[in-house]
Amino acid sequence: MDENNKIIEILKKVIDPETGVDIVSEGMVYGFTINEMVTEIWMSFSSATPVCFFCKAVAWTEIEKISNCIVEELGKEGYKNIRVVESLNPKIYYKTS
C-alpha cells in the first residue's frame, strides 16, 4: 500500500462524534502533506462551525476531539510531528504533536 492510501485508511478510523461517520467519507479532510519533517492533515471544519456563539463552543469541543483522534491514530502508526491544519487559514493549527 502506498503512503497516500495508508494515510487515508488511518484517517478513516477517525469518527466524527456528532454524526458517527468517518472524517474522510464526511469530506472533512481537505488534503495532507507528508515529509521527513512533518505530517500535516489539512481539515475543513467550516461546515461543522455554526454561527451562534453557544453552538460554536460546542463545535470547538467536537473539533478538538477529532483533532486529538487524528494525532492519536497517526501516532499509533509511527508518524511524528503531526499537525492538524485549517485548510482555509493555514496559520491555524488545531493540534500538533
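A few points on the structure. This structure is a prediction, so every number in the text was calculated from the model and none was measured.

As for the environment of T19
Part 1: Within the secondary structure, T19 is located in the loop between α1 (3–11) and β1 (29–34).
Part 2: Here V21 takes part through its backbone nitrogen, which lies 3.3 Å from a polar atom of the side chain of T19.

Points about the pattern of salt bridges
Part 1: Summed over the entire model, instances satisfying the criterion amount to six salt bridges.
Part 2: With a closest N to O distance of 3.8 Å, K76 and E72 form a salt bridge. Taken together, the residues span about one helical turn, with K76 and E72 both in helix α2 (residues 53–76) at a distance of four residues.
Part 3: Here the salt bridges share partners, and the residues they tie into one network are E72, E73 and K76.

Thresholds, definitions, all that
Residues numbered from 1 in each chain as written. Predicted model: local features only at pLDDT ≥ 70, side-chain atom pairs only at ≥ 80, totals over all residues. Heavy atoms only, no water. Helix = DSSP H or I, 4+ residues; strand = E, 2+ residues; numbered from the N terminus. Polar contact = N/O pair within 3.5 Å; in protein donor to acceptor, adjacent residues only side chain to side chain. Salt bridge = Lys/Arg side-chain N within 4 Å of Asp/Glu carboxyl O.

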